[in-house]
Amino acid sequence: MRAHVGDHLIIHGRNVGFPDHTAEIVEVHGAEGEPPYVVRFTDGRTSLMFPGADSVVRPG
C-alpha cells in the first residue's frame, strides 16, 4: 500500500450494516509512501493508522 498526503484512506465496514469510514491522509511516515499514516476523519479526529486488508487508498 502506497499513499501521498491528500489521498483518502477508505476503511471498509467489517460487519453487515456498518458503514465504510473515510479519512484524509495528512502525514506519511513510512518509506516511499508506505504506512504508517496520520489520518484525519470527517469529524475532525486524527489517528495514526497501520491500515489492514480491509482498507484501500484512493487518490485525493
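So, here's what we can say about the structure. None of these values were measured; they are calculated from a predicted model.

## Re the packing of aromatic side chains
In the structure shown here, the tally under the stated rule is zero aromatic pairs. Here the guanidinium or amino end of Arg 45 rests over the ring plane of Phe 41, the centre of that ring lying 4.5 Å away.

## Topic: unusual backbone geometry
In this structure, Pro 36 follows Pro 35 across a cis peptide bond, with omega equal to 10 degrees. Here Pro 36 is to be found in the loop between strand 2 (21–28) and strand 3 (37–41). The phi dihedral of Glu 32 falls on the positive side, at around 55 degrees, and the residue is not glycine. Relative to the assigned elements, Glu 32 resides in the loop between strand 2 and strand 3.

## As for the pairing of strand 1 (residues 8–11)
When strand 1 meets strand 2, the two strands line up antiparallel, connected through four bridges. Paired with His 8 across the bridge in strand 2 is Glu 24. By the bridge criterion, four bridges tie strand 1 to strand 5 (residues 55–58) in an arrangement that is antiparallel. What sits directly across from Leu 9, in strand 5, is Val 57.

Calculation notes
- The numbering scheme is per chain: residues are counted from 1 as the chain's sequence reads.
- Two thresholds apply to this predicted model, a pLDDT of at least 70 for residue-level local features and 80 or more for giving and counting side-chain atom pairs, whereas whole-chain, interface and lining totals are computed over all residues.
- Side-chain measures were taken over the full set of non-hydrogen atoms in the model, leaving aside hydrogen atoms and water.
- Within 6.5 Å between ring centres, the rings of Phe, Tyr and Trp (the latter by its six-membered ring) count as paired, and their orientation is classed by plane angle as stacked under 30 degrees, edge-to-face over 60, tilted in between.
- In this scheme, the term charge over a ring applies when either NZ of a lysine or CZ of an arginine sits within 6 Å of the ring centre and within 35 degrees of the ring normal.
- In DSSP terms, a helix is any run of H or I states spanning at least four residues, a strand is any run of E spanning at least two, and both are numbered starting from the N terminus.
- Criterion used throughout: strands pair if DSSP finds at least two bridges between them.

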